[in-house]
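# Reading the structure
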Amino acid sequence: MAMGLYIGVDVGGTKVLAAEVSEAGVVRRTARRSTPGRRVDAALVETALTEAVLEVADGRTIDGVGLAAAGFVDAAGERVAFAPHLPWRGEDVRGRLAARWGTLVALDNDANCAAVAECHHGAARVARNILMVTMGTGIGGALVIDRVVHRGTHGMAGEFGHMKVVPDGQPCECGGRGCWEQYSSGNALVRFARARIGQDPTVLEELCDGNPSQLTGPMVTEAAEDGDLVARQAFASVGDWLGVGLANLVAAFDPELIVVGGGVSAAGDRLLEPARTALTRSLVGTGYREIPEVVRAAFGPAAGVVGAAELVRSQARR
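What you are looking at is a predicted structure, and each value in this text was computed from that prediction instead of being measured.

It is worth spelling out the packing of helix H4 (residues 186-196) against helix H7 (residues 229-253) at this point. The geometry of H4 relative to H7 is characterised by a closest axis approach of 9 Å and an angle of 140° between their N-to-C directions. In terms of orientation, H4 lies oblique with respect to H7. For the crossing formed where H4 meets H7, the hand is right-handed. Residues Ala188, Leu189, Phe192, Ala193 and Arg196 of H4 form the contact with H7, whose participating residues are Val230, Gln233, Ala234, Phe235, Ser237 and Val238. Here the residues of the contact of H4 with H7 sort into eight nonpolar, two polar and one charged.

So this is what it looks like as structure tokens:
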């Protein structure tokens, strides 16, 4: 019953990625769309989702679609209660899209889906207690206990990106200030780099044609790979803050393994090495305890779509 066409869709703050995913977790056909943003009507986001899903399907019958949403998904997997980077506010996303597409739809938080992907097919296949952190526009998170994603009483566990790390710090899209994701995320990476354009010699000025507002995360990654000092400093800052936040989470949950995914994780050790250093420096009792290994997600930015497809496929098996 679970064979057929199953599509995973990762709905982030800046883009929609849809993919046909095999039962073995192999990404086949993909489609991308830009996310209209959080200040638009929710229907515009759902139209972008629909376009991406139909492009992947290419006229074939869809057996199920799994949605990995960058937001707070209720315990029933029906509604996105709140999404800092998207317009959904208590929306019946699953029901509305199931009716629109005429197929089985499953919905969960994007980091939960990424954790499912890594546990089934990726970097956490042999671990039992895992901390998953996804770094894209913001930070998402998931906690896996004895191989099961812990969703919390209301389905909203794992929103680590909105832990306060700097009192009265940078304003956040969630409405608060000083959230972890304002210091360690794709947005934080770009903000750091933009602030130094015009102050320090950097190839970033050429990449964005002298307009800092046009600078993007991939540009910073490209410059860092080419040895640009400002770009590398941006990754060092974001990685250091990543390690500080991870130390807080390790103190709370004592995981066996930490898996870092999302778009920013494409930088690999350029991000993870400063994070490991900061984790060791910041964690209480480091000389007397095991420090969990910090690894990059095997699926990188594709973890959300792989996990979302696995989610809907598992529902189809029931």
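Now for the nonpolar core. Counting residues in hydrophobic clusters, the biggest one holds 40 residues, and the most contacted among them are Leu242, Leu246 and Leu271. Breaking this core down by element, the ones donating at least two residues are strand E8 (130-135), strand E9 (139-145), H4, helix H6 (217-225), H7, strand E11 (257-261) and helix H8 (269-282). Per-element accounting of this core gives the leading share, 10 residues, to H7. The residues contacting Leu242, other than those within four sequence positions of it, are Val133, Met135, Trp180, Ser184, Val260, Leu271, Leu272 and Ala275. Counting 30 residues, the second largest nonpolar core, distinct from the first, contains Ile7, Val53, Ala57 and Val80.

With that out of the way, let us pick up the sheet that holds strand E7 (residues 105-109). Taking strand neighbours across the sheet as the criterion, the five strands line up as E3-E2-E1-E4-E7 in an open arrangement whose pairing is mixed. Where the open sheet ends on each side, the last strands, each with one partner, are strand E3 (27-34) and E7. Ignoring strand direction, the axes of neighbouring strands in this sheet form an average angle of 15°. Summarising the sheet, strand E1 (residues 6-11) and strand E4 (residues 64-69) pair through six bridges and their orientation is parallel. Looking across to E4, one finds that Tyr6 is bridged to Gly64. Contacting E1, strand E2 (15-21), E3 and E4, helix H1 (residues 42-57) runs over the sheet at an angle of about 150° to E3. Strands E1, E4 and E7 of the sheet are contacted by helix H3 (residues 110-121), whose axis makes an angle of about 100° with E7.

It is worth spelling out the environment of Thr137 at this point. Mapped onto the secondary structure, Thr137 falls in the loop between E8 and E9. Taking the C-alpha atoms as reference points, Thr137 and Asp63, separated by 74 residues in sequence, lie 30 Å from one another. In contact with Thr137, other than residues within four places in its own chain, are Gly13, Thr14, His85, Ser185, Gly186 and Asn187.

Reading the values: the criteria
- Residues numbered from 1 in each chain as written.
- Predicted model: local features only at pLDDT ≥ 70, side-chain atom pairs only at ≥ 80, totals over all residues.
- Heavy atoms only, no water.
- Axes fitted to C-alpha atoms, helices over the stretch in contact; angles between N-to-C directions.
- Helix = DSSP H or I, 4+ residues; strand = E, 2+ residues; numbered from the N terminus.
- Parallel < 35°, antiparallel > 145°, perpendicular 65-115°, else oblique.
- Left-handed = near helix turned anticlockwise from the far one by under 90°.
- Contact = heavy atoms within 4.5 Å.
- Nonpolar A, V, L, I, M, F, W, Y, C, P; charged D, E, K, R; others polar.
- Core = buried A, V, L, I, M, F, W, Y, C linked by side-chain atoms within 4.5 Å.
- Buried < 20%, exposed > 50% of the residue type's maximum accessible area, 1.4 Å probe, protein only.
- Pairing = 2+ DSSP bridges.

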